[in-house]
Structures are given as C-alpha cells and as structure tokens.
Amino acid sequence: MPVYEYQCKACGLVFEMIQKFSDAPLSSCRDCGGAVEKLISQTAFTLKGGGWYDQGYGGKAAACDAAKPGGGCAGCPKASNE
C-alpha cells in the first residue's frame, strides 16, 4: 500500500499515513484536528527481481544473439563489445 504525506495547515505537523488507493484522503490532523493537505513528496523506488540488468548489462552472458557475428540489435552495447 502507498504511503501518503500530509501537512496540517493549523499546527504545521507533517506526518505519513499508509492508505489504500481507494481510501479517501485525510481531512483533519491527527494531533490538533485542523485541516490537512496532501503533499507531493519524493518516493523510494527500488527495482527488484530480474530484468534488463540481469539480462544483458550485468556482466553475464548476453540474453540475445547481438554479441554473435551477424546478430541483430545494432544499438545494443553487447553488439559493440566483441
């Protein structure tokens, strides 16, 4: 579930709340009861599992035939590393 950041307009408190996408945005501060606004904040982004790095850029064997003579993918870095 996503973490949303809110700031109270009355007391200035900045806090985070874990909410579902379908949940309505908060309207009051958890400390003073004042009105809050949802902030746009920087997110943590993590790539997990396999993907482009494991399939051609991680130093392992090429995932395609670009490294072989006559292989496709002319713009692929593996094609120029012969």
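This text follows the structure it describes.
Residues numbered from 1 in each chain as written. Predicted model: local features only at pLDDT ≥ 70, side-chain atom pairs only at ≥ 80, totals over all residues. Heavy atoms only, no water.

## Digging into the sheet that holds strand β2 (residues 14-18)
The condition is simple: If DSSP finds at least two bridges between two strands, the strands pair. Secondary structure elements are taken from DSSP: a helix is a run of H or I of four residues or more, a strand is a run of E of two residues or more, and numbering for both begins at the N terminus. Axis definition: a line fitted to C-alpha atoms, over the contacting stretch in the case of helices. Angles run 0 to 180 degrees between N-to-C directions.
If you trace the three strands from one edge of the open sheet to the other, you get β2-β1-β3, paired in antiparallel fashion. Here the strands that pair on one side only, and so sit at the sheet edges, are β2 and β3 (36-39). For this sheet the average axis-to-axis angle between neighbouring strands, irrespective of direction, equals 35°. Bridge count between strand β1 (residues 3-8) and β2: five bridges; the pairing is antiparallel. Bridging across to β2, valine 3 finds its partner in isoleucine 18.

## Quick word on the state of the cysteines
Just so we agree on the cut-off: Two cysteine sulfur atoms form a disulfide, by the criterion used here, when they sit within 2.5 Å.
Overall, the coordinates contain zero disulfides when judged by the stated rule. Left unpaired, cysteine 8 is separated from the closest cysteine sulfur, that of cysteine 32, by 3.6 Å. No disulfide involves cysteine 11; its nearest neighbouring cysteine sulfur is the one of cysteine 8, lying 3.6 Å away.

## With respect to the nonpolar core
Spelled out, the test is: To define a nonpolar core, start from buried Ala, Val, Leu, Ile, Met, Phe, Trp, Tyr and Cys residues and group those joined through side-chain atoms within 4.5 Å. When accessible area is computed with a 1.4 Å probe and restricted to protein chains, residues below 20% of their type maximum are described as buried, those above 50% as exposed, and intermediate ones as partly exposed.
Listed in full, the six residues of the largest apolar core are Tyr4, Tyr6, Cys8, Phe15, Cys29 and Val36. With three residues, β1 is the largest single contributor of residues to this core.

## Overview of the packing of aromatic side chains
Worth spelling out the cut-off: For Phe, Tyr and Trp, rings pair up if their centres lie within 6.5 Å, where Trp contributes its six-membered ring, and each pair is then called stacked (planes under 30 degrees apart), edge-to-face (over 60) or tilted (otherwise). Note on geometry: a ring has a charge over it if NZ (lysine) or CZ (arginine) is within 6 Å of the ring centre and within 35 degrees of the ring normal.
Overall, the coordinates contain one aromatic pair when judged by the stated rule. Measuring from ring centre to ring centre gives 5.9 Å for tyrosine 6 and phenylalanine 15, while their planes differ by 25°; the resulting arrangement is stacked. We classify tyrosine 6 as buried; its relative accessible area is 1%. The positively charged end of lysine 38 is found above the aromatic ring belonging to tyrosine 4, 4.1 Å away from the centroid.

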